[in-house]
Amino acid sequence: MRYDFWGKGAAVARVFGTRVSLQTWHNLVCGVAREISMVVRARKVARWVDVGSGDGETCLEVMEAMNDLSPECQRLMLVTVECDPTARTLQSEILPDAEVGGRVVARLSDWRELSSEHGATVVTLLHSAYYLADSRQELAEVLRYLSEIITAEGALVLASLPCSSPMFQLGELGLYKTGRTEDILWAAEALGLTARVRQPGMKWLAMGLQCKGERDMAELDAVIRYVEGRHDLHVGDARRERFLKQVKKLASQGEYLDFQDNIVVISTNS
Ligand SMILES: C[S@@+](CC[C@H](N)C(=O)[O-])C[C@H]1O[C@@H](n2cnc3c(N)ncnc32)[C@H](O)[C@@H]1O
């Protein structure tokens, strides 16, 4: 699977991006920072590998949130793994090498390039597990591979949506085959690893989308065009109507749509 997030997909990323509740986004960032800090806290030197880092903005925010949480960790090295060249170019602006406290040490383009020489204290997949596998079994293999590069007493920290997320109701237009919270928990159990789930309460699409005004319709059309491009499908009128009906229903349920983000922590304890 290849998805275009950072090229022509950037337009719709902005549609979603501008509709994130900033306060709740902060909850997700701080929740991830807290989990990483709990793992790296006792070490002077730690290595954080982030898989599917995108433009690097989320890593930067998590790193900033960690400054107060793990002062004992004097040297945190970050390895970003991102297959999309456009995103990697954006990353080099947001996370320039040897900046952010000299913390960025390597950029890789695919998780398969990781090996024991990249031995990590913690590995994160922040909304990227959906794109790394086509089935639960494949996902378990990816997680096994990643857990094997983690040094003793480390953890895998994932942000993911559950199957009940409105994202997947809208996702009639674009389905993820795996990488949802339930798939991750299944994979962890298959690997005999312990997992726990926290809900940071991140909320995304504002209720302002009432599907009435021209602006709303333009935004929703952008979402549909994006999904069409990403999944190489023609949505058609019937699906488009179903999508709009679903957005209206969800938008009427509260000020924000709660996409039900989860943070899943898998202890590797090897
Ligand atoms: C939804 S984005 C998440 C970006 C970032 N983690 C964040 O939270 O903003 C998923 C990212 O995973 C990347 N990705 C997909 N398959 C990958 C692979 N095999 N190796 C590395 N990155 C991959 C995509 O290019 C995309 O940037």
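For the structure, see preceding data.
Procedures and definitions
Residues numbered from 1 in each chain as written. Predicted model: local features only at pLDDT ≥ 70, side-chain atom pairs only at ≥ 80, totals over all residues. Axes fitted to C-alpha atoms, helices over the stretch in contact; angles between N-to-C directions. Helix = DSSP H or I, 4+ residues; strand = E, 2+ residues; numbered from the N terminus. Left-handed = near helix turned anticlockwise from the far one by under 90°. Contact = placed C-beta atoms within 7 Å. Nonpolar A, V, L, I, M, F, W, Y, C, P; charged D, E, K, R; others polar. Near = placed C-beta within 6 Å. Buried ≥ 20, exposed ≤ 12 C-beta atoms within 10 Å, placed from the backbone. Pairing = 2+ DSSP bridges. Right-handed = clockwise from strand over helix to strand, strands pointing away. Core = buried A, V, L, I, M, F, W, Y, C linked by C-beta atoms within 7 Å. Arc of directions from axis to C-beta.

A. Quick peek at the packing of helix H5 (residues 136–148) against helix H7 (residues 181–190). Where H5 meets H7, the closest approach of the two axes is 9 Å, and the angle between their N-to-C directions is 65°. For the crossing formed where H5 meets H7, the hand is right-handed. For the pair formed by H5 and H7, the contact residues are Arg136, Leu139, Ala140 and Leu143 on the first element and Asp183, Trp186, Ala187, Ala188 and Ala190 on the second. Counted by class, the contact of H5 with H7 contains seven nonpolar, no polar and two charged residues.

B. Region of interest: the site of the ligand. Gly52, Gly54, Leu126, Ser128 and Tyr131 are the nearest of the 18 residues found near the ligand. In the shell around the ligand, the residues fall into nine nonpolar, six polar and three charged.

C. Representation of the pairing of strand E5 (residues 150–160). Counting buried residues in E5 gives eight out of 11 residues, a clear majority hidden from the surface. Here six bridges tie strand E4 (residues 120–126) to E5, and the two strands are oriented parallel to one another. By the bridge assignment for E5, Val122 is matched with Ala155. With H5 bridging E4 and the parallel E5, this β-α-β connection has right-handed handedness.

D. Main features of the nonpolar core. Counting 57 residues, the largest nonpolar core has Val32, Ile36, Val122, Leu156 and Val157 as its most contacted members. In terms of residues, this core owes the most to one element, helix H2 (residues 22–40), which gives seven residues. If sequence neighbours within four positions are ignored, Val32 has contacts with Val62, Thr124, Leu126, Val157, Ala159 and Ile263.

E. Inspection of helix H4 (residues 85–94) at higher detail. Along H4, the positions that sit buried rather than exposed are Ala87, Arg88 and Gln91. Buried residues in H4, looked at end-on, bunch into an arc of 100°, giving them a common side. In H4, those exposed residues whose orientation departs by more than 90 degrees from the buried face are Pro85, Thr89 and Glu93. Against strand E2 (75–81) and strand E3 (104–108) lie the buried residues of H4.

F. Local environment of the sheet that holds strand E9 (residues 262–267). With mixed pairing, the seven strands of this open sheet are ordered in space as E3-E2-E1-E4-E5-E9-E6. Every other strand in the sheet has two partners, leaving E3 and strand E6 (194–198) as the edge strands with one partner each. Each strand of the sheet is rotated relative to its neighbour by a mean of 20°, with strand direction disregarded. Sheet analysis places strand E1 (residues 45–51) next to E4, joined by three bridges and oriented parallel. Its bridge partner lying in E4, Trp48 is registered against Val122. Each of E1, E4 and E5 is contacted by H5, which is oriented at about 140° to E5, the strand it contacts most.

G. Representation of the environment of Met167 in the model. Along the polypeptide, Met167 turns up in helix H6 (residues 166–170). The exposure class assigned to Met167 is buried, which follows from the 21 C-beta atoms found within 10 Å. Apart from residues no more than four positions distant in its own chain, Met167 is found in contact with Leu161 and Phe259.

H. Examining the environment of Gly201 more closely. Tracing the chain through its elements places Gly201 in the loop between E6 and strand E7 (203–206). Through-space distance from the C-alpha of Gly201 to that of Thr24 is 6.3 Å; in sequence the pair is 177 residues apart. The contacts of Gly201, once residues within four sequence positions are left out, are Thr24 and Asn27.

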